[in-house]
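In case you want the letters, here they are:
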Amino acid sequence: MKSTYERKIIGYECDIYGHLNNANYLHVFEEARTKALNDIGLSISGLLDKNLHMYITEINIKYMKGVPLDRIVTVTTEIIVKNRLRSIWHQEMYDQNGNLCSIADVHGVFARDGKPVRIPQELLGNFGLE
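Residues numbered from 1 in each chain as written. Predicted model: local features only at pLDDT ≥ 70, side-chain atom pairs only at ≥ 80, totals over all residues. Heavy atoms only, no water.

Some remarks on the packing of aromatic side chains
Tallying each qualifying case throughout the model produces one aromatic pair. Ring centres 4.9 Å apart and planes at 80 degrees place the aromatic pair Tyr25 and Tyr63 in the edge-to-face group. With Tyr25 in helix α1 (residues 22–39) and Tyr63 in strand β2 (residues 53–63), the pair connects residues that are 38 residues apart, well separated along the chain. Its relative accessible area of 3% is what places Tyr25 among the buried residues. (Phe/Tyr/Trp six-rings, centres within 6.5 Å; stacked < 30°, edge-to-face > 60°. Helix = DSSP H or I, 4+ residues; strand = E, 2+ residues; numbered from the N terminus. Buried < 20%, exposed > 50% of the residue type's maximum accessible area, 1.4 Å probe, protein only.)

Next comes the structure, spelled out in structure tokens:
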């Protein structure tokens, strides 16, 4: 399932050139992944209630086109690799004209008490793993 998230870039997120600062791409991608989790019926607080965490182990971001102040961006998020222990999330950020601005591939592992763990049976359906 592909999730879509949209928001406006605001002043404090921009660098001295008036574009979204490279570090703030991480924030926008994180917001979009949080929405994607909600879209599949999970929330961060719901995972925490089950003492289940999703730790990021690797993030690869390709910056292709700057995003200026006050622009609307749309981020698509899709889990492209998933199993009971880990996942890879593919994200694409587009500007309001439909130009591809950035691509992120985010690798994560499920964890409990700081150690990798398989997700519980009752959550398999949320991730399309039955």
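Describing the pairing of strand β3 (residues 72–82)
For a regular strand, the rule is simple: side chains alternate between the two faces of the sheet. Bridge count for strand β1 (residues 2–8) against β3 is seven bridges, and the pairing is antiparallel. Opposite Glu6, over in β3, you have Thr74 as the bridge partner. Two elements, β3 and strand β4 (residues 86–94), share eight bridges in a ladder whose sense is antiparallel. Its bridge partner lying in β4, Lys82 is registered against Ser87. Joining the antiparallel neighbours β3 and β4 is a turn of three residues. (Pairing = 2+ DSSP bridges.)

A short note on the pattern of salt bridges
Applying the stated criterion to the full structure yields six salt bridges. Of the charged contacts, one joins Arg33 and Glu30 as a salt bridge, the two residues approaching to 2.3 Å between their closest N and O atoms. Of the two residues, Arg33 and Glu30 are both situated in helix α1; the distance of three residues between them amounts to about one turn of the helix. As a salt-bridge pair, Lys35 and Asp39 come within 2.8 Å of each other at their nearest N and O atoms. Pair noted here: Lys35 and Asp39 are both in helix α1, with a separation of four residues, about one helical turn. (Salt bridge = Lys/Arg side-chain N within 4 Å of Asp/Glu carboxyl O.)

Considerations on the side chain of Thr77
Along the chain, Thr77 falls in strand β3. Of the polar contacts made by the side chain of Thr77, one reaches the side chain of Gln91; its length is 3.0 Å. Leaving out residues up to four positions away in the same chain, Thr77 has contacts with Met1, Lys2, Ser3, Ala32, Arg33, Ala36, Trp89, His90 and Gln91. (Polar contact = N/O pair within 3.5 Å; in protein donor to acceptor, adjacent residues only side chain to side chain. Contact = heavy atoms within 4.5 Å.)

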